[in-house]
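Observations on chain architecture
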Amino acid sequence: MRHLLANLPIRRPGIRATAVVRAVSVLSAVSALSALSLAAQAAPPPQPAYAADSVAVVSVVKTALEAMRTRDTVLLARMLHPSMPMRIAAWRRAGGVALPAIGVDSAPGWTHFVATAPAEMVLDERIGEPLVQVDGNLANVTAYYEFRRGETFSHCGADEFVLGRTDAGWKIIALSYSVRTDGCRKDLAFTPRQLALREMVQAERAFAQYADTANTRDAFLWALRDDAITLDAEGVKPMRPIHQARQPNRNHLAWVPAWADMSADGTMGVTTGPWEWRATRDAPVRGRGQFLTIWLKDAERWRVFLDLGVGGDSTLRLDVPVIEVAPGVTGRARLNDLTDLDRTRIRGDGWLDALRALAAPDVRVLREGMPLGTGPAALSGQRSVRFNSLGGRVAGSGDLAATWGTWKDGGMKGSYVRIWKRTRDGWRLVVDRMGD
Amino acid sequence: MRFLAPLAALTFAGTLAAQQPAPPVPPPQPPFGADSAAVMKVVHDLFTGMRTRDTTLMRAQFHPAATMRSAGWKPGPGGLQAVIEEDGVADWLGGVAGAPANLLLDERLGPPTVQVDGNLANVWVYYEFYAGDRFSHCGVDLFTLGRTAEGWKVIFVADSRRRTGCAQNLPKGS
């Protein structure tokens, strides 16, 4: 619970003075004295589109519920504003009569409950399709929920998550829920794909935790498949020998998944997210960037098939939720369809236009030395870049694929990896990574 | 219920699962329309109270545990920073009571979205705030209400606040 203590809200002196602003955001108009009113007058920075905010707030909610399921109180606390009030609209018995009553709890109360519930009991809260409302820095996510303790159905109701935008991203600033046992549909279930996606995300978090508590080299040897690969400017490199040749050291590499996709057949998945590197655990951060990992499920567990990243993103943070990408469209799994895109479409002086035309609206763009970008406009590169396709992999369900190779531009060279997803409009680029 | 922390369990023992006794069976519930109207009356009473400076009427709409948050901006070293302000109901009422006597505190509301589930309700509504006849700012008010033995009460309030993209078309007193 140490992290919770560290997160206790710092009460600003004079909070009562500024608190008046609400009624009287009001008077601000008249007196223009309070800092907030001045802020309201200044134009805020350009805001993300509703779709982006909507995805972000739902990912915070789902990450919080997943953290409850996996008992990850550190992750749970990262999704909550420390001052979050929790209100429970339920019933109490008074003299044999059921009376409606409001229960009062808090962010520390929630994390404490998760930390102290019986270890063998899965706290399984599932939500239906959420209703999402966003206005400026405020968002509201309401959803029907069902709560199970392990296999045992407990109750249902409505969850209302209120989120606020902070300089650390969207956080849950209030949580209220109703509790009932009548009229529960008892029909919320995870699809096999959702279960596989969560299993993979858990494998990613376990991988990161291994690196945190032991060392990076041993963590990689635990996570990598025998045939795991990475790429450099010369081409494909087997990954295990690279780590086997290393000695365990005190270098500290930390990362979290921020985006996860999964094939419909639950055999192949992809994660991306931020990483931070320190010479030792207590040293200052010396490197930051984004990773890209392809996971395959073998008979035993999820293992890493391809792993590489880019550096130089100084804007990233590790307290982010994971975005679970919605399912694509299944079809025939022909790798040639993908490598043909690499070889015949994304070529010549017009390669960038071709790439943008194939990109999904929310494509994630990983470029060496640049912050994470999203959307086709974030795809960048010189016209003179030329690519050399070296291979790829497609899931058996034909809805998720990867292609990779090298690139050259005059004296510069490097490698690329593209993640593809089949949509109703055909294959679309969902992650594009170019680096050294 | 899920987080039923030990504290809450004392008061809401019925809702703790498995090893606990079954929850008390609630009485038949009113139809959505009745709850929805009752919930909106609370919201309208609140702003009527603000217009008429009737803080007693305002206070009566709140549950004692109600809190308030505001999602706005504040100047920071690198420009504006998104910030969550923590407010108390007493601060709001104090602000209303202390505003210049001849100034109308006119929070005009657009069409609300009302959701009700059991003893929980929420209202999401676009607002425009006018100090007297002078437009100040707009945003969204979010009210969370809980059913109590004394009727629906506000248990949480949040608002966003902006001066861009305000339609400024809500009629006076709406």
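What comes next concerns the included structure. These numbers were taken from a predicted model, which means no experiment stands behind them.

A short note on the nonpolar core
In terms of nonpolar packing, the biggest core is built from 37 residues, with Trp 110, Phe 161 and Leu 163 of chain A touching the most fellow members. The leading source of residues in this core is helix H5 (residues 50-70) of chain A, at eight residues. When sequence neighbours within four positions are dropped, the list of residues in contact with Leu 163 of chain A reads Val 57, Val 60, Val 61, Asn 137, Leu 138, Ala 139, Val 141, Trp 170, Lys 171, Ile 172 and Ile 173 of chain A. In this structure, Met 40, Trp 92, Leu 105 and Ala 121 of chain B belong to the second largest nonpolar core, which totals 31 residues.

Thoughts on the packing of aromatic side chains
Residue and element names in this part refer to chain A. This model, assessed by the stated rule, comprises 13 aromatic pairs over all chains. Seen from their ring centres, Phe 207 and Phe 220 are 4.9 Å apart, and the 80° between their planes marks the pair as edge-to-face. On the criterion of sequence distance, the pair formed by Phe 207 in helix H8 (residues 192-213) and Phe 220 in helix H9 (residues 216-223) is long-range, its members being 13 residues apart. In this structure Phe 220 comes out as buried when scored by relative accessible area, which is 8%. Plain terms: the ring middles of Tyr 210 and Trp 222 are 5.8 Å apart, the flat faces sit at 50° to each other, and that makes the pair tilted. In this pair, Tyr 210 sits in helix H8 while Trp 222 sits in helix H9, placing the two residues 12 residues apart along the sequence. One aromatic cluster is present, built from ring pairs that chain together Phe 207, Phe 220, Trp 255 and Trp 295.

Description of the state of the cysteines
Per the stated rule, a full pass over the model turns up two disulfides over all chains. Paired through a disulfide, Cys 156 of chain A and Cys 184 of chain A show a sulfur-sulfur distance of 2.2 Å. Its S-S torsion of about -85° marks the bond between Cys 156 of chain A and Cys 184 of chain A as left-handed, since a negative value means left-handed. Taken together, the residues Cys 156 of chain A in strand E6 (residues 152-166) and Cys 184 of chain A in the loop between strand E7 (169-178) and H8 connect sequence positions 28 residues apart. Residue Cys 184 of chain A is classed as buried on the basis of its relative accessible area of 14%. Across a sulfur-sulfur distance of 2.2 Å, Cys 138 of chain B and Cys 166 of chain B are joined as a disulfide pair. On the sign convention where negative means left-handed, the S-S torsion of about -80° between Cys 138 of chain B and Cys 166 of chain B marks this disulfide as left-handed. Pair noted here: Cys 138 of chain B is in strand E6 (residues 134-148) and Cys 166 of chain B is in the segment after strand E7 (151-160), with a separation of 28 residues, a long-range link. A single burial state applies to Cys 138 of chain B and to Cys 166 of chain B, both of which are buried.

Calculation rules
Residues numbered from 1 in each chain as written. Chains lettered and ligands numbered in written order. Predicted model: local features only at pLDDT ≥ 70, side-chain atom pairs only at ≥ 80, totals over all residues. Heavy atoms only, no water. Core = buried A, V, L, I, M, F, W, Y, C linked by side-chain atoms within 4.5 Å. Buried < 20%, exposed > 50% of the residue type's maximum accessible area, 1.4 Å probe, protein only. Helix = DSSP H or I, 4+ residues; strand = E, 2+ residues; numbered from the N terminus. Contact = heavy atoms within 4.5 Å. Phe/Tyr/Trp six-rings, centres within 6.5 Å; stacked < 30°, edge-to-face > 60°. Disulfide = S-S within 2.5 Å.

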